[in-house]
Structures are given as C-alpha cells and as structure tokens.
Amino acid sequence: MGGDAAVDRLIALMARLPGLGPRSARRAVLTMIRRRELMLEPLAAALAEVAARVRECRRCGNIAEGELCAICADPARATGGLCVVETVADLWAMERGGAFRGRYHVLGGVLSALDAVTPESLRIPELVARASEEATREVILALNATIDGQTTAHYIADALAPLGVTVTSLAKGVPIGGELDYLDDGTIGAALLARRAL
Ligand SMILES: [Zn+2]
C-alpha cells in the first residue's frame, strides 16, 4: 500500500471494520493524515479514551464508562420491566425507538447447536438471577426472528417459568432473519406495543 509500515497497519485494521473495505480504509486514512489537526489527532485521542474507559456493564452487558451503563445507573429505568436483546446494537436500536423505558439484558448472541453456543456463554444464568433479584414482573424478548432466535426465546421462557415472571415477545413485523438495528424506529415501537405472551 503506502509502503510505510505504520500506515499500512492502520489501513489493514480499518479495512476490517464493518462497512469498510481496503479501498474505503485507504481513503479514510489518507484523509486523516491530510487533516492531522482536524481529524487524525482528535480521532487518536478519542480512540485512546474509549479504549481506556469503555467496558461491559457489569449488570446488563451494554457498553459502559464505569461499573454500570447509563441506563442501569438511571433509577427512573428500574420499574419498566426487562428487555432481552442479542447485541448492544439491538439495544441501541430499541433505545432509538424510544418506546421502552425499562432496563435491558444483552445476551451476546443466540443459542446455536451448530456454533456450540450454550446458555452459559450467553449470560442466560445472569438473566435468571437478575429477574429474581430485581423482582422483575415482565421480561420482554426482543430477539431476531431467526430459528436460533426463537429457540433461544423458548429456552429463556422455560428458564424463567419457575419465577412466575410474565414473558412476552415483540410482535411479528420484525422480518425473518431481520436485525433490529435495520428496523425504523416506528416499527420497533409498534412491535413493542403489540408484544404478546410467549
Ligand atoms: Zn447496564
């Protein structure tokens, strides 16, 4: 590429980001270098700060600057039920929709026999413990409408059954295999309002 080892390494790393490829990475890196004070230095500082401060929320798995994320730390969000999502991107999609005012639990994926994903690797035991400790009345499953997503939904409903928690699922309207992140905000709000018992 540029022939400079540090620049080539940066381009190779950037090219692995979603939505970028080698070509976009090269253009982005050249733009940053050309605009050192406006782009390169602020970006380097922002990356270093995120690397130093951002962690996984101890309670829900969202990203956090500190022990708890902003949602878990907000006492006003304590009574709205618990919404289970696959990824942080899905959590953010729900938040953009603005219809849900409770807290979240990020699984980190869905059960998959093919990929040997087990309940333990998905924070499902933590979910059951939380539902019990936080005296949760309703757990809303906002999982993608894939086979694995639905298998996971039923597994969670079974695991929560002894606690007497109401388990609901987002209404259909979430396209098969569609990810929450790609839905518009109104669709998410409608799916939440029309949720039903599992
Ligand atoms: Zn949290």
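Right above here is the structure, for reference.
Fair warning: this is a prediction, and the values are worked out from it, not measured in the lab.

Undergrad: Looking at this model, I keep getting lost on the overall build of the chain. Mind explaining?
TA: When helices and strands are tallied, the chain shows seven helices and seven strands. The linear arrangement of helices and strands in the chain, starting from the amino end, is α-α-α-β-β-β-α-β-α-β-α-β-α-β. Its C-alpha atoms give the chain principal-axis dimensions of about 60 × 35 × 35 Å. Going through the 198 residues of the chain one by one, you find that 36% of them count as buried. If you take every contact in the chain between residues at least 6 apart in sequence, the share linking residues at least 24 apart comes to 55%. Put simply, the chain shows about 11,400 Å² of open surface, and 57% of that area lies on carbon and sulfur atoms.

Undergrad: I tried to follow the side chain of Arg77 on my own but got confused; where do I start?
TA: One can find Arg77 in the loop between β2 (63-65) and β3 (82-85). With a relative accessible area of 5%, Arg77 lands in the buried category. One polar contact links the side chain of Arg77 to the main-chain carbonyl oxygen of Gly102, over a distance of 2.9 Å. Among residues more than four places away in sequence, those in contact with Arg77 are Ile71, Glu95, Phe100, Arg101, Gly102, Arg103 and Tyr104.

Undergrad: I'm lost on the sheet that holds β3 in this one. Help?
TA: Backbone-to-backbone hydrogen bonds pair the strands of a sheet. The strands run either parallel or antiparallel. Spatial strand order, β4-β3-β5-β6-β7: five strands in an open sheet with mixed pairing. Among the strands making up the open sheet, the edge pair consists of β4 (103-106) and β7 (196-197). Strand direction decides the pairing type here: β3 and β4, joined by four bridges, are parallel. The residue bridging Val84 from the neighbouring strand is His105, located in β4. Its contacts with the sheet put helix α4 (residues 88-97) on β3 and β4, and the angle it makes with β4 is roughly 160°.

Basis of the calculations
- Residues numbered from 1 in each chain as written.
- Predicted model: local features only at pLDDT ≥ 70, side-chain atom pairs only at ≥ 80, totals over all residues.
- Heavy atoms only, no water.
- Helix = DSSP H or I, 4+ residues; strand = E, 2+ residues; numbered from the N terminus.
- Buried < 20%, exposed > 50% of the residue type's maximum accessible area, 1.4 Å probe, protein only.
- Contact = heavy atoms within 4.5 Å.
- Areas by Shrake-Rupley, 256 points an atom, 1.4 Å probe, with all protein chains shown as cover.
- Polar contact = N/O pair within 3.5 Å; in protein donor to acceptor, adjacent residues only side chain to side chain.
- Pairing = 2+ DSSP bridges.
- Axes fitted to C-alpha atoms, helices over the stretch in contact; angles between N-to-C directions.

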